[in-house]
Amino acid sequence: QVQLVESGGGLVQPGGSLRLSCAASGFTFSSYAMSWVRQAPGKGLEWVSDINSGGGSTYYADSVKGRFTISRDNAKNTLYLQMNSLKPEDTAVYYCAKGRWGAPVRDEYDYWGQGTQVTVSS
């Protein structure tokens, strides 16, 4: 019953911006931490960002810090990732993932979405 559906991916030029959304259903969204993870071609999963249940605490991988912003709208059961100043190395499939607790615990997700492709290329 838990469902996470990402949208907003696509092809963008280096330096451009993209906003990803993740629509959540089947659980009390406002009670759980959420994360974004990504997988580049031929690479393993890479953690990108976390946000706690209330949205007041956020965490970022060094590779995206200062460029990406994670946020959530609990009234809309939606998680967001605003990506600015995109680089070719950001090219990956991006997944939203549900945490097991209100505070994020790294690498402990119980559900994730289908992923959305982000391609940064000129």
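For the structure, see preceding data.
A brief look at the structure comes next.

Quick notes on the rules
Residues numbered from 1 in each chain as written. Predicted model: local features only at pLDDT ≥ 70, side-chain atom pairs only at ≥ 80, totals over all residues. Heavy atoms only, no water. Core = buried A, V, L, I, M, F, W, Y, C linked by side-chain atoms within 4.5 Å. Buried < 20%, exposed > 50% of the residue type's maximum accessible area, 1.4 Å probe, protein only. Helix = DSSP H or I, 4+ residues; strand = E, 2+ residues; numbered from the N terminus. Salt bridge = Lys/Arg side-chain N within 4 Å of Asp/Glu carboxyl O. Phe/Tyr/Trp six-rings, centres within 6.5 Å; stacked < 30°, edge-to-face > 60°. Lys NZ or Arg CZ within 6 Å of the ring centre and 35° of its normal.

Counting residues in each nonpolar core, the largest one holds 31 residues, and the members touching the most others are Trp36, Phe68, Leu79, Leu81, Met83 and Tyr94. Contributions of two or more residues to this core are made by strand E3 (18–25), strand E4 (34–39), strand E5 (45–51), strand E7 (68–73), strand E8 (78–83), strand E9 (92–99) and strand E11 (116–120). The element that contributes the greatest number of residues to this core is E9, accounting for five residues.

Here the focus is the pattern of salt bridges. Evaluated as defined, the whole model comprises six salt bridges. Ionic pairing is found between Asp90 and Arg38, a salt bridge with its closest N-O pair at 3.0 Å. One end of the pair, Asp90, is in the loop between E8 and E9; the other, Arg38, is in strand E4, and 52 residues separate them in sequence. Classification of Arg38 by relative accessible area gives buried; the value is 5%. The closest approach of N and O atoms between Asp110 and Lys98, which form a salt bridge, is 3.1 Å. Here Asp110 is found in strand E10 (residues 109–112), whereas its partner Lys98 is found in strand E9, with twelve residues between them in sequence.

This part is about the packing of aromatic side chains. The tally for this structure, following the rule as stated, stands at two aromatic pairs. Both rings, one in Phe27 and one in Phe29, keep their centres 6.2 Å apart while their planes meet at 55°; by these two values the pair is tilted. Residues Phe27 and Tyr32 carry aromatic rings whose centres are separated by 5.9 Å and whose planes lie at 75° to one another, so their mutual orientation is edge-to-face. The exposure class of Tyr32 is partly exposed, given its relative accessible area of 25%. Each residue in the set Phe27, Phe29 and Tyr32 is aromatic and connected to the rest through ring pairs, giving one cluster. In this arrangement the basic side chain of Arg106 is found over the ring face of Trp47, its NZ or CZ atom lying 3.6 Å from the centre.

In short, geometric facts, not functional conclusions.
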